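Read off the chains here:
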Amino acid sequence: QVQLVESGGGLVQAGGSLRLSCAASGRTFSSYVMGWFRQAPGKEREFVAAINYSGGSTLYADSVKGRFTISRDNAKNTMYLQMNSLKPEDTAVYYCAASGKQSYISSSSRRISGYDYWGQGTQVTVSS
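Notes on the structure in this doc start here. (Residues numbered from 1 in each chain as written. Predicted model: local features only at pLDDT ≥ 70, side-chain atom pairs only at ≥ 80, totals over all residues. Heavy atoms only, no water.)

## Focus: the environment of glutamate 6
Summarising the element assignment, glutamate 6 is placed in strand β1 (residues 3-7). Separated by 73 residues in the primary sequence, glutamate 6 and methionine 79 place their C-alpha atoms 9.2 Å from one another. Leaving out residues up to four positions away in the same chain, glutamate 6 has contacts with Ser21, Cys22, Trp36, Tyr94, Tyr95, Cys96, Gly119, Gln120, Gly121 and Thr122. A distance of 3.0 Å separates a polar side-chain atom of glutamate 6 from the backbone nitrogen of glutamine 120. Among the polar contacts made by the side chain of glutamate 6, one reaches the main-chain amide nitrogen of glycine 121 at a distance of 2.9 Å. (Helix = DSSP H or I, 4+ residues; strand = E, 2+ residues; numbered from the N terminus. Contact = heavy atoms within 4.5 Å. Polar contact = N/O pair within 3.5 Å; in protein donor to acceptor, adjacent residues only side chain to side chain.)

## Regarding the state of the cysteines
Inspection of the entire model under this criterion finds one disulfide. The residue that forms a disulfide with cysteine 22 is cysteine 96, at a sulfur-sulfur distance of 1.9 Å. An S-S torsion of about -65 degrees defines the bridge between cysteine 22 and cysteine 96 as left-handed. Within this pair, whereas cysteine 22 is found in strand β3 (residues 18-25), its partner cysteine 96 is found in strand β9 (residues 92-98), the two being separated by 74 residues in sequence. Neither cysteine 22 nor cysteine 96 differs from the other in exposure class; each is buried. (Disulfide = S-S within 2.5 Å. Buried < 20%, exposed > 50% of the residue type's maximum accessible area, 1.4 Å probe, protein only.)

## Notes on the nonpolar core
Trp36, Leu81, Met83 and Tyr94 are the most contacted members of the largest nonpolar core, which totals 34 residues. Among the secondary structure elements, those contributing two or more residues to this core are β3, β4 (34-39), β5 (46-51), β6 (58-60), β7 (68-73), β8 (78-83), β9 and β11 (122-127). Residues contacting leucine 81, with those up to four places away along its chain left out, are Leu18, Arg19, Leu20, Trp36, Val48, Ala49, Phe68, Thr69, Ile70 and Tyr94. (Core = buried A, V, L, I, M, F, W, Y, C linked by side-chain atoms within 4.5 Å.)

## Considering the packing of aromatic side chains
In the structure shown here, the tally under the stated rule is four aromatic pairs. Between tyrosine 115 and tryptophan 118, the ring centres sit 6.1 Å apart and the planes meet at 65 degrees, which makes this aromatic pair edge-to-face. One residue, arginine 45, lies across the ring of tyrosine 95, its end atom 3.7 Å from the ring centre. Above the ring of tryptophan 118, the side-chain terminus of arginine 45 is found at 5.1 Å from the ring centroid. (Phe/Tyr/Trp six-rings, centres within 6.5 Å; stacked < 30°, edge-to-face > 60°. Lys NZ or Arg CZ within 6 Å of the ring centre and 35° of its normal.)

## What to know about the environment of serine 99
The topology assignment puts serine 99 in the loop between β9 and β10 (117-118). With 65 residues separating them in the primary sequence, serine 99 and methionine 34 have C-alpha atoms 5.9 Å apart. Looking at serine 99, its side chain comes within polar contact range of the main-chain nitrogen of glutamine 102, at 2.8 Å. At a separation of 2.9 Å, a polar atom in the side chain of serine 99 contacts the main-chain carbonyl oxygen of glycine 114.

## Regarding the pattern of salt bridges
Tallied over the entire structure, the rule returns five salt bridges. Close ionic contact of aspartate 90 with arginine 38 constitutes a salt bridge, the shortest N to O distance being 2.9 Å. With aspartate 90 in the loop between β8 and β9 and arginine 38 in strand β4, this residue pair connects regions lying 52 residues apart in the sequence. You can call arginine 38 buried: its relative accessible area is 6%. Between aspartate 62 and lysine 65 there is a salt bridge; the shortest N-O distance is 3.3 Å. Each of Arg38, Glu46, Arg67 and Asp90 takes part in salt bridges that share partners, so that together they form one network. (Salt bridge = Lys/Arg side-chain N within 4 Å of Asp/Glu carboxyl O.)

Below is the structure:
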């Protein structure tokens, strides 16, 4: 029943900005943690950012801290990832994820196993 759909990916130049959106259908676990992961070709999927239900607690990978901002609008059932100062190393498919078990941000929020639902992914390409 629960579906996640990412949008907003595209091609940008290094130093540019992009905003990704994740629309969630259904509100079964709207009170739980959501997050963003990314995967470059030939590499493992890696954690990017996570956010709790209220938006008051966030967690970022060191590689994006200070450049990316995660947020959510529960009235719209949508999560966002604002990406600034983009680098070629940010090029990847970005995936939206939702947890059906995490109530609060913790070490589990960094792990793939902490999430139960995934979007189809959206491509982000940063040119040099």
